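Reading the structure
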Amino acid sequence: MSLGKHLDEAASRLEDAHRRIKKVREQQPTNENLRAWLVALTDYAEATHDVQRFCDEGVNERIQELAAKVSPARR
C-alpha cells in the first residue's frame, strides 16, 4: 500500500476514534462507558502516532528526492 493510502487510513481511524470519544463523553459515567472511552482514547493515540509517522516518512522521501536533484548539480 502506498504511503498516501496508509496516511488516509490512519486519518480515518483518527476521525473514528475522535467520534467514539465524543459519543462516550456525552453518556453517563459507568464502568462500561469508561472502558469504551479508554479503548477509543487508545485507538486515538495509536492513530495519531501513525499519522505522525507517515507524515515523517513522506517528508523524508521528499527530502531525499530534493537531495538527489541537488547532488548532481554540485559535482
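Scroll up to find the structure.
Below is a summary of the structure that appears in this document. As the structure is a computational prediction, the values presented were derived from the model and not from experiment. Each chain carries its own residue numbering, running from 1 in the direction its sequence is written. Confidence filtering applies because this is a predicted model: local features only for residues at pLDDT of at least 70, side-chain atom pairs given and counted only at 80 or more, and all residues used for totals across whole chains, interfaces and linings. Only hydrogens and water are removed before side-chain values are computed, so all heavy atoms of the structure are retained for them.

**Description of the pattern of salt bridges**
Definition in use: Counted as salt bridges are all cases of a side-chain nitrogen of Lys or Arg within 4 Å of a carboxyl oxygen of Asp or Glu.
With the rule as written, the count across this model stands at seven salt bridges. Counted as one network, the salt bridges with shared partners bring together Arg 13, Asp 50, Arg 53 and Glu 57.

**A look at a nonpolar patch on the surface**
Test applied: Candidates for patches are residues over 30% relative accessible area with no salt bridge; among them, like charges are joined within 9 Å and nonpolar side chains (Val, Leu, Ile, Met, Phe, Trp, Tyr) within 5 Å. Per-residue and other accessible areas were derived by the Shrake-Rupley procedure at a 1.4 Å probe size, with only the shown protein chains allowed to occlude residues. In DSSP terms, a helix is any run of H or I states spanning at least four residues, a strand is any run of E spanning at least two, and both are numbered starting from the N terminus.
On the surface, a nonpolar cluster with roughly 330 Å² of combined accessible area is contributed by Leu 34, Leu 38, Leu 41 and Tyr 44. Residue placement: Tyr 44 occurs in helix H2 (residues 31-74).

**Regarding the environment of Leu 41**
So the rule is basically this: For every residue, the accessible area (1.4 Å probe, protein chains only) is compared with the maximum for its type, and the residue is labelled buried under 20%, exposed over 50%, or partly exposed between those bounds.
Secondary-structure assignment places Leu 41 in helix H2. Note on Leu 41: relative accessible area 35%, which makes it partly exposed.

**Some thoughts on the environment of Ser 71**
With respect to the secondary-structure elements, Ser 71 resides in helix H2. Sequence separation of Ser 71 and Asn 33 is 38 residues, and the distance between their C-alpha atoms is 56 Å.

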